[in-house]
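Chain residues, written in single-letter form:
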Amino acid sequence: MASSTVTSAQPERPPRPNLAFRRLRGKRSPAEFAAAVRRAAREIGERVSCDARYVGRVEAGEIRCPNYAYERVFLHMFPGRTLTDLGFAPRSSVRGRQTRTAGESRGAGEPYETYDTRDTQDLNETHDDNEESDVLRRAFMTSGATVAAASLGPLGLALDAAAAGRPTRRAGTGEAGALEEAVRRIRLLDDRHGADGLYRRATAPLRTAYALLDAGASRQATADRLYTGAGELAISVGWLAHDSGRFDDARSHYAEALATARMNADAGLEAHAFCNMAFLARDAGRPREAVRAAQAAQRGARPLGSDRLMSLLALREAGGWAGLADRVGCEQALVRAQTFFERGPSDTDPEWMSFYGEAELEGLEAQCWSTLGDWPRAARHARRAADLQDPHFTRNLALYSAELADDLARGGRPDEAAGAGMRVLDLLDEVQSSRIHTMLAGTARVLLPHRRASGVSAFLDRHGALPRPA
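Fair warning: this is a prediction, and the values are worked out from it, not measured in the lab. (Residues numbered from 1 in each chain as written. Predicted model: local features only at pLDDT ≥ 70, side-chain atom pairs only at ≥ 80, totals over all residues. Heavy atoms only, no water.)

Focus on the pattern of salt bridges
Scanning the entire structure with this criterion turns up 21 salt bridges. When the shortest N-O distance is used, the salt bridge between arginine 410 and aspartate 406 registers 2.8 Å. Here aspartate 406 and arginine 410 lie together in helix α20 (residues 394–410), a separation of four residues that amounts to about one turn. The partly exposed category is assigned to arginine 410, whose relative accessible area is 37%. Since its relative accessible area comes to 11%, aspartate 406 is described here as buried. For aspartate 461, the salt bridge is made with arginine 451, and the minimal N-O distance between the two is 3.3 Å. (Salt bridge = Lys/Arg side-chain N within 4 Å of Asp/Glu carboxyl O. Helix = DSSP H or I, 4+ residues; strand = E, 2+ residues; numbered from the N terminus. Buried < 20%, exposed > 50% of the residue type's maximum accessible area, 1.4 Å probe, protein only.)

Encoded structure:
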């Protein structure tokens, strides 16, 4: 039975199609128009992951008012027009409609959202951006399967059915969409908070995803979406295991994603799986395997036409060569990575690569030079990575700063290292990452003989007071 906060609300009227927005699209297909939106976003430095589905939802009237990021993009695309001219409702008229909590279900026939609050990611949320992180974090980190199910819509219903031992029904577009949404939500939480605490919660949706695959789909197109969604979810869960130091679990999840990709002949998913396998192999001390996995990823990714993807994969290869102490091989791979990166983004870039910009390029290069023992060069790139990083990616900001602190400490600059370490400590209230804790612990050991240097004692005392990661 619905809660009183829901039943007391006015009944939702069926959404009215946004005919003005549809006219602006003209003869372009929804996919072509979505590509134009993404290009316009890049022109003004915004991040939106607009796709044909989002365009369809706007035109159907399901999104009565876009979030601020989309608003800036649309007004850039159509200068001189207002949101009302574009067919949207005034923001003030829909502000109060997104008050439902993660545990409350939508009413029958009620659209999933009438006010789009996704400021930096296409998340299909019904909450204000400043509430979004806390709601999702509670769903994955402090609640059980019931709350997680409620927050995942149709995927959550399948999760409930699996928990009760009931057969999962054949999947439709609703389940496929919810699965894709689960991947986005997990990635958002990881970007902001790191992997520790998320991993165990994220395995429940993953089990449900593969239960949906076993149940089958009503159409081949839906089946293809389910395979891709399940594989991407396996990679996301694998990354949570990877970042929280559970390397064996990560290896298993990545292998599962690779098998899923090959069963469905999905070259993009296969390249993504090999990309993460290369990263894991490097971190696990298997550099030759890292090189081979990165090279396999590049072979599979070439037909996809994404220069940014090829750049990232070249960096994964460079990390392997650095682990093998092959400076020449590493430098050659770094040159390829830079060359591909300078060709710029394109509409063929995978959605999961939203984290990969100039900051990540600099951060990964810093890790290569650090592995090769070139601390001054590593520190220069790590500092640039931290300076360039969008504050939205809190985990990466902490990671680059931790890399900088370690490079400075090992390069004989303890006072600067302590300052960078303090900045990481300031972020640990928001970020839970075993990898970052491990890096800081190494930096602290290097700085112990320099306790009398400016700021070092304060850093060591504060680091020593940290609670040990679970």
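Structural notes on the environment of glutamate 181
Relative to the assigned elements, glutamate 181 resides in helix α10 (residues 173–193). For glutamate 181, a relative accessible area of 6% translates into the label buried. Sequence separation between glutamate 181 and leucine 233 is 52 residues, and the spatial gap between their C-alpha atoms is 9.9 Å.

A short note on the layout of surface pockets
Size it by volume and the largest pocket reaches roughly 1500 Å³. Around the largest pocket sit 48 residues that line it, and Asp349, Pro350, Glu351, Trp352 and Ser354 are the ones nearest its centre. Those elements that provide at least two residues to the lining of the largest pocket are α3 (30–43), α10, α12 (220–243), α14 (267–283), α16 (307–323) and α18 (358–371). Looking at the lining of the largest pocket, its residues break down into 16 nonpolar, 12 polar and 20 charged. (1 Å grid on protein atoms, 1.4 Å probe; cavity = no way out; pocket = protein on both sides within 12 Å on 5 of 7 lines; lining within 4 Å. Points joined across faces, edges and corners; volume = space filled by probe spheres on them. Nonpolar A, V, L, I, M, F, W, Y, C, P; charged D, E, K, R; others polar.)

Digging into the packing of aromatic side chains
For the structure shown, the criterion picks out 10 aromatic pairs. Pairing phenylalanine 21 with phenylalanine 74 gives two aromatic rings, centres 5.2 Å apart and planes at 70 degrees, and the pair type is edge-to-face. Residue phenylalanine 21 is found in helix α2 (residues 19–25), and its partner phenylalanine 74 is found in helix α5 (residues 68–77); the two are separated by 53 residues along the sequence. A relative accessible area of 1% places phenylalanine 74 in the buried class. One aromatic cluster is present, built from ring pairs that chain together Phe21, Phe33, Tyr54, Tyr70, Phe74 and Phe88. For the cation-ring pair, arginine 316 lies above phenylalanine 279, with the distance from its terminal atom to the ring centre recorded as 4.0 Å. (Phe/Tyr/Trp six-rings, centres within 6.5 Å; stacked < 30°, edge-to-face > 60°. Lys NZ or Arg CZ within 6 Å of the ring centre and 35° of its normal.)

Focus: the nonpolar core
Leu233, Leu312 and Tyr356 are the most contacted members of the largest nonpolar core, which has 69 residues in total. Among the elements that take part in this core, α12 stands out by supplying 10 residues, more than any other. Setting aside residues no more than four positions away along its own chain, leucine 312 makes contact with Cys275, Trp352, Met353, Phe355, Tyr356 and Leu364. Counting residues in hydrophobic clusters, the runner-up holds 26 residues, among them Leu404, Leu408, Val424 and Leu440. (Core = buried A, V, L, I, M, F, W, Y, C linked by side-chain atoms within 4.5 Å. Contact = heavy atoms within 4.5 Å.)

Here's the deal with helix α17 (residues 327–342)
With 16 residues, α17 ought to run about 22 Å at 1.5 Å a step, and its terminal C-alpha atoms sit 22 Å apart, in line with that. Contacts made by the buried residues of α17 are with α16 and α18. For α17, the N-terminal capping position is held by aspartate 326, with its side-chain oxygen 3.3 Å away from the main-chain nitrogen of valine 328. Of the residues one or two after α17, glycine 344 is the one with positive phi, at around 90 degrees. (Expected span 1.5 Å × (residues − 1). Polar contact = N/O pair within 3.5 Å; in protein donor to acceptor, adjacent residues only side chain to side chain.)

Regarding the environment of valine 431
For valine 431, the position within the fold is in the loop between α21 (414–427) and α22 (434–447). Taking the C-alpha atoms as reference points, valine 431 and alanine 398, separated by 33 residues in sequence, lie 7.7 Å from one another.

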